[in-house]
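Descriptive analysis of the structure
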Amino acid sequence: MDAAGPTAVATTCPYCGVGCGVLATPQPDGAVTIAGDPIHPANAGRLCSKGAALGETVDLKTRLLVPRIEGRRATWDAALSRVARAFSAAIQDHGPESVAFYVSGQLLTEDYYVANKLMKGFIGTANIDTNSRLCMASSVAGHKRAFGADTVPGTYEDLESADLLILVGSNLAWCHPVLFQRVMAAKEARPELTIIAIDPRATATTDAADLHLPLRPKSDLPLFAGLLTHLSAAGLTADEYVRDHTTGAENALSAAKPWTADKVAAETALPVSLIRRFYNLVEKTARTVTVYSQGINQSDLGSDTVNAIINTHLLTGRIGVKGAGPFSVTGQPNAMGGREVGGLANMLACHMDLENAAHRAIVQRHWDSPTVADRPGLKAVDLFDAVDDGKIKALWVMATNPADSMPEAERVDRALSKIPFLAVSDVVASNDTLRHATVALPAAAWGEKDGTVTNSERVISRQRAFLPAPNRVRPDWAIMSDVARRMGYHGFNYGAVHEIFDEYAQLSEADNQGTRDFDIGGLAGLSAADYDGLMPARWPMPRTGRPTTRFFAGGNFFTPDRRGRFIPTPYQTPTRRTGEHRLTLNTGRIRDQWHTMTRTGLAPTLALHYGEPFAEIHPDDARNNAIAPADIVSVSNEHGTILVRALVTERQRKGSIFVPIHFTDQVSANARVDKLVPGVVDPVSGQPASKFAQVSIAPAGMALYGYMVRKGQPHQPLADYFAVATLPEGTSTEFASAVLPQNPTRFAERLLGQSSLAAMEDRGRQTWSFAAIKDGRLTGAVYLATSPVAVARTAIAAHLGQPADVRAILAGRPPADRPDPGAIVCACFQVGANTIKAAIEAGADSVDAVGSALSAGTNCGSCRAEIARLIKHCHTPSETTSVDTPIHAPAH
Ligand code: SF4
């Protein structure tokens, strides 16, 4: 802090691949204020709800602060030696293939670089894979097949400059909110920008689109094969480009030829008129960008579907020019950095290839290493299969939580429980993977570590420490370097993080001369001060010559003949089960949570948008399965069963359900959805098909439903079903049980940890409410019923810690002088659905008018689509909703 006050530190958001710049300002009271960085090219000052709430996630309450060996506190020396001994012994006794690292797109590039160097160059196996395998490996494979390198050809600006934006398999509004806001701003300035959203279900993104194609799950490939056929038949082939810069067009066109619009309609279950409209729009629009994400990648057809998309751009020459090209958006903050640095089991550092002897020689020379792995290691699903089979004797998991996030998560959880040695580096003291750790290593967290990350448009940004590292936590690169030295390896004597970046930048230019896309030689040799001051910069940045903003407008691909490749994409209709497991499970993110909620789950601001796990289900499927809105339902298949809340909505496609990925055993009972995802992978990329599990759904037969707010954490296990959310003054918990307690009062006392509760009972309706008061203030409340509890949750949560209006609390209503805001829609200003509806009824007839009246939607903008939907709802008959009951989905 200087005389002018605390100093803001420019860093980068640790969540999605948009890679927004953040200004973090530590305050004298220990708080951290967060603002968007106005000069960062990704966001120009914007942040979404998650980014804006980062200041609520940096306290130390849930942190791992000391190493642990077998659950007991240990010194760093003992912990690091134990890791080094375990790995050395496994290598000596069983060979290098018996050890593995499973790392993460949350790691910084420098961490990734050291992990990759240690495993591939010194241990001598490529058994290092990353959780990015689960989100974008199919894009990598598609890029490499078509371009010869994992190159993203365009930039975010292309999305704004396009005349036609196709969003396929991407809920951009929720998963990449700031990029979506940029697109929305561009559309407002230039209404002729047409947006097409291709998604089986209606989302905040499809709401904003001019055209929504609600296709059958996993039928994107024939849709794009049909587009290729249409474009060719319409004479849109860029003859010179195809002739001079590509190969394989004939084969790809021949494979796509059967896909007439009628056939595509039959396969996708879309009306043929809608398909023709889509095809005609693409035909007429030169400036077309196709944005795709997990809806494409997370499929056993992922790589082929990526190539089916790229084929349409190669055919038309719409690539590498302003406003045109295929564009993959990455899920994690440093998924791109991990790809660049070789964090995947089948890649070498700096976009070099494991199977290429010349590339291996470059890397080995640079690392001065005894070896370099010469064949791909185990990809994520195979890696955990090998753990389960006992082939992996020592595993090191860094900054990720595979017990929750891997397919067949229950089996992975069991496999981790029996591995001979498991090291886990993490920032939190408790998660579902850490419970199996032999050694737990406390890593420095987002605000405490330095390094770089790369976002979806190839912009490298600095992540800067703005808080002192607490206690004895250490950055991941330092932990790994120390273990490497203890294993007897040279080459890991880094004194500071900029030394690693320098080594990496030098490797990128070694023997390159423009033959490889990834060249940041222009950043080699930075001093510590230069590195600290490094501004966001897009690669490539060669030492000499002009940097390239976009790739491939003039060909110059990175294949041996420098030509782009059309890839034929044959397709067979996937087997859809009939009978018991007849619904298709789609998994994904919700707006205000991130991964397994170890950070966003700490932020009260983010807790009340969707505070519990749910299954979106179409009303017909709900009826056919005897499911009522807000029931607790079991979703199951041969891999397991989960319990979630039913969210009945016509926005879901018939025959499909959607369940979010975020809920773990740490905050809920039995809601880890990845239990149900089979370990089926794309044969090219190894990416799991996380959006196409077959499941059945049924009421879970709950006899008791409950809602509770209380100071502090609830006692667990509470009930057969529960989900805990963080409030400013405590927690709120949804729960349900198959058994009705004999004595509801005793039950409520046990839940609240307090006797002498104020109580109210309605025997006829079988409802009970209880309030705990201390010194005139509400310290807790419990609502029990034999059907889903209908109370004003947001108002009750806000009442916690406040002077108690006992009558209102027991009635489950807000005090008379405070209206019920309803489910939170705008996280930034904590504006609820009821408040917004009241403003609409009072005349606010546009999102901007609601913003003027309530500020809702005027900060990050993530909720604007939901506000728009509320405006529409107020003027049309409502769908089946559960606004007053649990999972009080704000604008469903
Ligand atoms: Fe972070 Fe949101 Fe920006 Fe993604 S869009 S980087 S989550 S602020």
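Computed from a predicted model, the values in this text were never measured in an experiment.

Concerning the overall build of the protein
Secondary structure assignment for the protein yields 31 helices and 34 strands. Principal axes of the C-alpha set define a box for the protein whose edges measure 80 × 70 × 60 Å. Counting every position in the protein, which comprises 892 residues, the buried fraction comes to 64%. Counted over contacts in the protein with a minimum sequence separation of 6, partners at least 24 positions apart contribute 71%. A total accessible area of about 30,000 Å² is found for the protein, and carbon and sulfur atoms account for 50% of it. With 86 positive and 90 negative side-chain charges, the protein shows a spacing of 2 Å between the two charge centroids.

Focus on the sheet that holds strand S18 (residues 459-463)
Here three strands make up an open sheet; going across it, the order is S17-S18-S19 and the pairing antiparallel. Looking at which strands have only one partner, the edges of the open sheet turn out to be strand S17 (451-454) and strand S19 (537-538). Sheet analysis places S18 next to S19, joined by two bridges and oriented antiparallel. Pairing of Ile-460 across the sheet is with Ala-537, part of S19.

Describing the pairing of strand S8 (residues 164-168)
Among the five residues of S8, five are classified as buried, and the element is accordingly described as predominantly covered. The side-chain alternation of S8 yields two buried faces, one formed by Leu-164, Ile-166 and Val-168 and the other by Leu-165 and Leu-167. Note that S8 and strand S9 (residues 194-198) share five bridges and pair parallel. Bridging across to S9, Leu-165 finds its partner in Ile-195. Alignment of S8 against strand S12 (residues 288-292), held across five bridges, turns out to be parallel. The residue of S12 that forms the bridge with Val-168 is Tyr-292.

Quick word on the site of the ligand
Neighbouring the ligand are Cys-13, Tyr-15, Cys-16, Gly-19, Cys-20, Leu-47, Cys-48, Lys-50, Gly-51, Pro-177 and Val-178. For the shell around the ligand, the secondary structure elements donating two or more residues are helix H1 (49-52) and helix H7 (177-189).

A look at helix H11 (residues 249-256)
Within H11, burial applies to Ala-249, Ala-252 and Ala-256. Buried residues of H11 fall within an arc of 70° about the axis and therefore sit on the same side. Exposed residues pointing more than 90 degrees away from the buried face of H11 are listed as Glu-250 and Asn-251. In this structure, the buried side of H11 is in contact with helix H9 (220-233), helix H10 (239-245), strand S11 (246-247) and helix H15 (302-316).

Let's talk about the environment of Leu-165
Take Leu-165: it is sitting in strand S8. Judged by its relative accessible area of 0%, Leu-165 is buried. Other than its neighbours up to four places away in sequence, Leu-165 contacts Leu-159, Val-183, Leu-193, Thr-194, Ile-195, Ile-196, Val-289 and Val-291.

Quick word on helix H13 (residues 272-284)
An α-helical turn contains 3.6 residues, so any two residues separated by three or four positions project in the same direction. Relative to the 18 Å expected for 13 residues at 1.5 Å per residue, H13 spans 18 Å between its end C-alpha atoms, a close match to the ideal helical length. Listing the buried residues of H13 in full gives Leu-274, Ile-275, Phe-278, Tyr-279 and Val-282. Looking down the long axis of H13, one finds its buried residues gathered within 130° of arc, a one-sided arrangement. Every exposed residue of H13 that faces more than 90 degrees away from the buried side is listed here: Ser-273 and Lys-284. If you follow the buried residues of H13, they end up packed against S8, S9, strand S10 (211-213), H9, helix H12 (261-268) and S12.

Re the pattern of salt bridges
Working definition: two side chains of opposite charge can pair if their charged atoms are close together. With the rule as written, the count across this model stands at 57 salt bridges. When the shortest N-O distance is used, the salt bridge between Lys-187 and Asp-210 registers 3.0 Å. Residue Lys-187 is located in helix H7, and its partner Asp-210 is located in the loop between helix H8 (204-208) and S10; the two are separated by 23 residues in the primary sequence. The exposure class assigned to Asp-210 is partly exposed, which follows from its relative accessible area of 41%. Between Arg-793 and Glu-734 there is a salt bridge, with the nearest N and O atoms lying 2.5 Å from each other.

Conventions we followed
- Residues numbered from 1 in each chain as written.
- Predicted model: local features only at pLDDT ≥ 70, side-chain atom pairs only at ≥ 80, totals over all residues.
- Heavy atoms only, no water.
- Helix = DSSP H or I, 4+ residues; strand = E, 2+ residues; numbered from the N terminus.
- Buried < 20%, exposed > 50% of the residue type's maximum accessible area, 1.4 Å probe, protein only.
- Contact = heavy atoms within 4.5 Å.
- Areas by Shrake-Rupley, 256 points an atom, 1.4 Å probe, with all protein chains shown as cover.
- Lys, Arg positive; Asp, Glu negative; His and termini not counted.
- Charge placed at Lys NZ, Arg CZ, Asp CG, Glu CD.
- Pairing = 2+ DSSP bridges.
- Near = heavy atom within 4 Å.
- Arc of directions from axis to C-beta.
- Expected span 1.5 Å × (residues − 1).
- Salt bridge = Lys/Arg side-chain N within 4 Å of Asp/Glu carboxyl O.

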